[in-house]
Amino acid sequence: MKMNIALLNRAGRWLGAGYMVKPNSLFRRRAGTLPGVLLWLAVLPLAALGQANYATPYTFTTIAGKAGYAGSADGTNSAARFQWPYGVALDSNGNLYVVDNGNQTIRKLTPVGTGWVVTTLAGRAGSVGSADGTNSAARFNGSVSLAVDSLGNVYVADSTNNAVRMITPAGVVTTLAGRAGSVGSADGTNSTARFYKPYGVAVDSAGNVYVGDSFNHTIREVAPVGTNWVVTTLAGKAGYAGGVDGTNSAARFNYPAGLAVDTNGNLYVADVLNHTIRKVTPVGTNWVVTTLAGLAGVAGSADWTNSAARFNALLALTVDSASNLYVADQANHTIRKVTPVGTNWVVTTLAGLGGTRGSADGTGSAARFYYPDGVAVDSAGNLYVGDNDNNTVRKGFPANSVPPPILQAPSLSAGQFGFGITGLPGLAVNIESSTNLSSWVVNGNYILNGGTNYYSVSPNPSLGAQFYRAHMR
């Protein structure tokens, strides 16, 4: 899709740290104007690929990191570096937090104008451990997901440490429950509780933390009681994998990962190896588990309703205020939406192409991801994705709401005609020229990098009138 813009006369990994789900195996390691010049800006080996419905396509751009470049550098937009970004979460001020799994750190992305400034909140790149402390004195081991409460506290599923950690806005890290190096499934208080590679984490308005305890195949609650944190098992049974709906311990999960909680206290679960989305509903003192979309044990990428829909190792999800779910369908390299319609749940694809990986920004099926492992949604419906194997963080807008670049007044200096384009980082722009306003030649393809991007050219007097335009791609 091209959109005219402008101005007249004046761009498998996985489940416990170091692992990734993939289709063929369970895990793998891993001003003045120039006379006569017009500027007119006016594949799935184990699962069948089904139809995709891009009824509401999203346009994705890269806001931080650079595809194919791993590292740990803080910086702005593409100058920042990540190594396997996993879970993402937003606070009430629009700041984005990212688990930088390969660097053993928690990063913060702060919106500044049209750019994003990346800093390290806690942990130290390349240093593995379990130490509580402030900022770079803290240590993590294989953290995979996070959640943020209304006070700006960040909760982290520190998977290989088998613990749930908390980071204050000042960067002070403490361990709430579990004990580093100790695997188990015990309910209890603080360090007496045990987890087995906890993956998903969510927090409700009362400060209760919910955990997808992946290798135990259970859903746990970590509740604040005074200064303590009490862990209980809500659904599933430790050591028993399956796809059965039911109440409390009668339900079965198969490596539950990403979690989300809505305003009514319902939990939504990305049940990875069942390739399904489950709902865990509080009913009195019980928790009732149902399957919303997908069919247990059957992988695919089909958009459809309820059990006719197909996913492939979906790893993370989030929920908006209208109970729409957004899913990082990891092994399909796509971002999906699950919409409640009456008693049904309708699945559509927002961006990416099932079974096709890559790093392209674009709209709908033209966008490409490479094992997306985290997703968050803001109040405007914009999405944020931890694009794991691309080492980038992406932002998606409903295609009909992408803000166009702002064009700066052109200038002529020392024989050079130029202009600036200020827009979202990652937007793709073609600069084209013409001598007759009917046939156009592409002079260059540019990806905006945040802030103001400049384009200049030396006009050719022999051509007479020359016209320039920019098109968003």
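What you see is a predicted model; the values in this text were computed from it and never measured. (Residues numbered from 1 in each chain as written. Predicted model: local features only at pLDDT ≥ 70, side-chain atom pairs only at ≥ 80, totals over all residues. Heavy atoms only, no water.)

### A closer look at the nonpolar core
Here comes step 1: Judged by nonpolar contacts, the single largest core of 42 residues is most densely connected at Ile106, Leu146, Tyr155, Ile167, Phe195, Val209 and Val222.
Here comes step 2: The contact partners of tyrosine 155, leaving out residues within four places of it in the chain, are Ser145, Leu146, Ala147, Asp149, Arg165, Met166, Leu176, Val201, Val203, Val209 and Trp229.
Here comes step 3: Listed in part, the 16 residues of the second largest apolar core include Tyr268, Ala309, Phe311 and Val319. (Core = buried A, V, L, I, M, F, W, Y, C linked by side-chain atoms within 4.5 Å. Buried < 20%, exposed > 50% of the residue type's maximum accessible area, 1.4 Å probe, protein only. Contact = heavy atoms within 4.5 Å.)

### Overview of the pairing of strand β25 (residues 286-293)
Here comes step 1: As defined by bridge partners, strand β21 (residues 246-247) adjoins β25 across two bridges and the pair is classed as antiparallel. Each residue of the ladder has a partner; that of threonine 247, found in β25, is valine 288. (Pairing = 2+ DSSP bridges. Helix = DSSP H or I, 4+ residues; strand = E, 2+ residues; numbered from the N terminus.)

### Details of the side chain of arginine 278
Here comes step 1: Examined against the element boundaries, arginine 278 turns out to sit in strand β24 (residues 276-283).
Here comes step 2: A relative accessible area of 0% means that arginine 278 is categorised as buried.
Here comes step 3: In terms of polar contacts, arginine 278 uses its side chain to reach the backbone carbonyl oxygen of arginine 252, at 3.0 Å.
Here comes step 4: At 3.0 Å, the side chain of arginine 278 forms a polar contact with the side chain of threonine 291. (Polar contact = N/O pair within 3.5 Å; in protein donor to acceptor, adjacent residues only side chain to side chain.)

### Notes on the packing of aromatic side chains
Here comes step 1: By the definition in use, this model includes nine aromatic pairs.
Here comes step 2: Through successive ring pairs, a cluster of aromatic residues spans Tyr58, Phe60 and Phe369.
Here comes step 3: In this arrangement the basic side chain of lysine 66 is found over the ring face of tyrosine 69, its NZ or CZ atom lying 4.8 Å from the centre.
Here comes step 4: Positioned above the aromatic ring of tyrosine 240, the side-chain terminus of lysine 237 is 4.8 Å from the ring centre. (Phe/Tyr/Trp six-rings, centres within 6.5 Å; stacked < 30°, edge-to-face > 60°. Lys NZ or Arg CZ within 6 Å of the ring centre and 35° of its normal.)

### With respect to the sheet that holds strand β29 (residues 344-351)
Here comes step 1: Here four strands make up an open sheet; going across it, the order is β26-β27-β28-β29 and the pairing antiparallel. Two strands bound the open sheet, and with one partner strand each, they are β26 (316-319) and β29. Taken pair by pair, the neighbouring strands of this sheet meet at an average axis angle of 25°, ignoring direction.
Here comes step 2: Bridge analysis of β26 against strand β27 (residues 325-329) gives four bridges, and the strand direction is antiparallel. Counterpart to leucine 317 in the pairing with β27 is valine 327. (Axes fitted to C-alpha atoms, helices over the stretch in contact; angles between N-to-C directions.)

### Side note on the confidence of the model for the chain
Here comes step 1: Across the chain, the average pLDDT comes to 87, with 89% of residues at 70 or higher.
Here comes step 2: Note on residues 1-48: pLDDT under 50 across the span, and 184 contacts to partners over four residues away in sequence or across chains. (pLDDT = per-residue confidence, 0-100.)

### Some words on the pattern of salt bridges
Here comes step 1: Considering all chains together, one arrives at twelve salt bridges under this definition.
Here comes step 2: For the salt bridge of aspartate 158 with arginine 165, the shortest nitrogen-to-oxygen distance reads 2.6 Å.
Here comes step 3: Linked through salt bridges whose partners overlap, the residues forming this network are Asp74, Asp100 and Arg107. (Salt bridge = Lys/Arg side-chain N within 4 Å of Asp/Glu carboxyl O.)

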